[in-house]
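Chain by chain, the residues run as shown.
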Amino acid sequence: MFKCVISLVILVMSKQNFAKNLIHYKCRGGIYPRSTVERFFVPDDKVCWKTQYDDYKPNCFNAPSLQGKPWADPDIDSPNFKPKWNMVDGKVNRSSHIGTYNIVNQLPQNPIGRTGICGRGVLGRWGPNHAADPVVTRWKRLDGKMVLDPNKKPILQFVAIKRGDSGEWALPGGMVDPGELDTVTAVREFREEALNSLAKTEEETAQWTEKLNTFFSTGEVVYKGYVDDWRNTDNAWLETVAYNFHDETGTIVGSMNLQAGDDAVGVCWVDITPTIKLYASHEEIVQTVNKKQIRIFESEH
Ligand code: BGC
């Protein structure tokens with residue numbers, strides 16, 4: 001009986017989490033980015049494809065700027081384009097972190113539901129577009145001493161960048177290149193966006209390489225799945241794997257000079273507070289890391 005109640009509680013809890021992740025908000029409503037195309041209205045109860053929505057007639061948008069880009073798929077009706085959905089297709093990973101997605105009228109269907117726009121929008125790939133995000137953390141310190149909040153808990157900080165496209169604060173992540181491991185992407189993007197490695201000489205980067213390589217070998221996956229990104233459409237969407245790299249003593253990345261680079265226009269250490277607002281699903285990811293690090297800290301002190 002006891003066992004039964006426990007499994008019921010676990011079932012209800014996991015259903016709640018699942019239900020929470022089953023809907024997207026930031027990719028619904030308003031004008032689609034870098035276009036004049038308005039998204040078709042999708043109320044919360046019509047997001048799920050299984051719910052009938054006969055009036056649903058979204059506009060399609062395929063950014064002309066994607067034409068001929070080496071990192072982008074061809075048009076869906078291009079004669080030479082024969083994608084292998086739901087699997088690794090050559091070097092392009094077309095499988096989803098959240099399961100098998102449907103192909104409807106020869107187009108991959110957003111696994112979370114309607115977004116109010118069809119086509120692939122500004123995204124390079126039809127179906128899943130894979131990103132990776134580093135969550136680099138340290139404890140907040142003042143004159144070498146840890147700063148505590150009013151509840152006497154330490155304050156976790158993470159490296160945030162200001163995105164050049166939307167102006168929002170975000171994790172310094174980026175898109176996984178074909179054939180690239182997502183850990184490699186996460187670290188590469190951190191170096192490019194938060195340490196401006198692309199503008200540094202070989203000599204300058206050599207100084208930190210060894211220190212950073214050791215630090216970045218300690219990452220832990222904290223999220224793997226769909227991202228509620230404003231660029232998502234009915235036929236193309238973002239997924240990410242987020243890794244936490246924690247600098248417990250604040251002497252490795254915690255003591256380095258941050259400098260925005262590549263497509264980031266700002267970078268800084270940000271306190272993780274309950275009200276923090278970030279790009280796409282990044283605040284959920286950062287809150288998960290905060291809970292994890294506070295739990296570890298409390299178990300050790
Ligand atoms: C960003 C990642 C983000 C992903 C999904 C990419 O453009 O660089 O940080 O997780 O989009 O929103």
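The structure displayed is predicted, hence computed values, not measured ones.

**Q** Describe in detail the site of the ligand, supporting the description with residues and values.
**A** The ligand sits among 14 residues. The nearest are Asp133, Gly173, Asp229, Arg231 and His282. Contact between the ligand and Asp133: an oxygen atom at 2.4 Å from a side-chain N or O atom of the residue. Taking His282, its side chain carries an N or O atom lying 2.9 Å from an oxygen atom of the ligand. Where the shell around the ligand is concerned, the elements lending two or more residues are β7 (127–139) and β12 (174–175). Of the residues assigned to the shell around the ligand, the class counts are seven nonpolar, three polar and four charged.

**Q** Lay out helix α3 (residues 202–215) in plain terms, naming residues and giving numbers.
**A** The end-to-end C-alpha distance of α3, which contains 14 residues, comes to 20 Å, matching closely the 20 Å that a straight helix rising 1.5 Å per residue would cover. When α3 is considered as a whole, its buried residues turn out to be Thr205, Trp208, Leu212 and Phe215. The elements touched by buried residues of α3 are β7, α2 (182–194) and β14 (236–247).

**Q** I'd like a rundown of the packing of aromatic side chains, residues and numbers included.
**A** The final tally for this structure, using the stated rule, is twelve aromatic pairs. Taken together, a centroid distance of 5.1 Å and an interplanar angle of 65 degrees make the contact between Phe215 and Phe216 edge-to-face. Each of the two residues, Phe215 as well as Phe216, counts as buried. Taking 6.4 Å as the distance between ring centres and 45 degrees as the angle between the ring planes, the aromatic pair formed by Phe215 and Phe245 counts as tilted. Taken together, the residues span a long stretch of sequence, with Phe215 in helix α3 and Phe245 in strand β14 at a distance of 30 residues. Summarising the burial analysis for this pair, Phe215 and Phe245 share the class buried. Cluster of aromatic residues (ring-pair linked, three or more members): Phe190, Phe215, Phe216, Tyr243 and Phe245. Here Arg114 stacks its cationic end above the ring of Tyr56, 5.3 Å away from the centre of that ring. For the cation-ring pair, Arg163 lies above Tyr279, with the distance from its terminal atom to the ring centre recorded as 4.0 Å.

**Q** Can you explain unusual backbone geometry? Please cite residues and give values.
**A** Positive phi is not limited to glycine here, since Arg34 has a value of about 50 degrees. When you line up the elements, Arg34 lands in the loop between α1 (2–21) and β1 (59–62). Look at Gln106: it is not a glycine, yet its phi comes out positive at around 65 degrees. Among the secondary structure elements, Gln106 is positioned in the loop between β4 (103–104) and β5 (107–108). Taking relative accessible area as the criterion, Gln106 reaches 66% and is therefore assigned exposed.

**Q** Go over the pairing of β14 with me, naming the residues and quoting the values.
**A** On a regular strand, one side chain projects to one face of the sheet and the next to the other, so that they alternate. Most of β14 is tucked away: twelve of the twelve residues are buried. On β14, burial covers both faces: Ala236, Leu238, Thr240, Ala242, Asn244 and His246 on one face and Trp237, Glu239, Val241, Tyr243, Phe245 and Asp247 on the other are all buried. As judged from the twelve bridges shared by β7 and β14, these two strands associate in the parallel manner. Bridge assignment links Thr137 to a residue of β14, and that residue is His246. As paired elements, strand β13 (residues 220–227) and β14 share seven bridges and run antiparallel to each other. What sits directly across from Tyr226, in β14, is Glu239.

**Q** Could you give an account of the side chain of Ser96, with specific residues and numbers?
**A** Mapped onto the elements, Ser96 comes out in the loop between β3 (92–93) and β4. A polar contact is formed between the side chain of Ser96 and the backbone nitrogen of Ile98, at a distance of 3.0 Å. The contacts of Ser96, once residues within four sequence positions are left out, are Tyr101, Pro128 and Glu239.

About the thresholds
- Residues numbered from 1 in each chain as written.
- Predicted model: local features only at pLDDT ≥ 70, side-chain atom pairs only at ≥ 80, totals over all residues.
- Heavy atoms only, no water.
- Near = heavy atom within 4 Å.
- Polar contact = N/O pair within 3.5 Å; in protein donor to acceptor, adjacent residues only side chain to side chain.
- Helix = DSSP H or I, 4+ residues; strand = E, 2+ residues; numbered from the N terminus.
- Nonpolar A, V, L, I, M, F, W, Y, C, P; charged D, E, K, R; others polar.
- Expected span 1.5 Å × (residues − 1).
- Buried < 20%, exposed > 50% of the residue type's maximum accessible area, 1.4 Å probe, protein only.
- Contact = heavy atoms within 4.5 Å.
- Phe/Tyr/Trp six-rings, centres within 6.5 Å; stacked < 30°, edge-to-face > 60°.
- Lys NZ or Arg CZ within 6 Å of the ring centre and 35° of its normal.
- Pairing = 2+ DSSP bridges.

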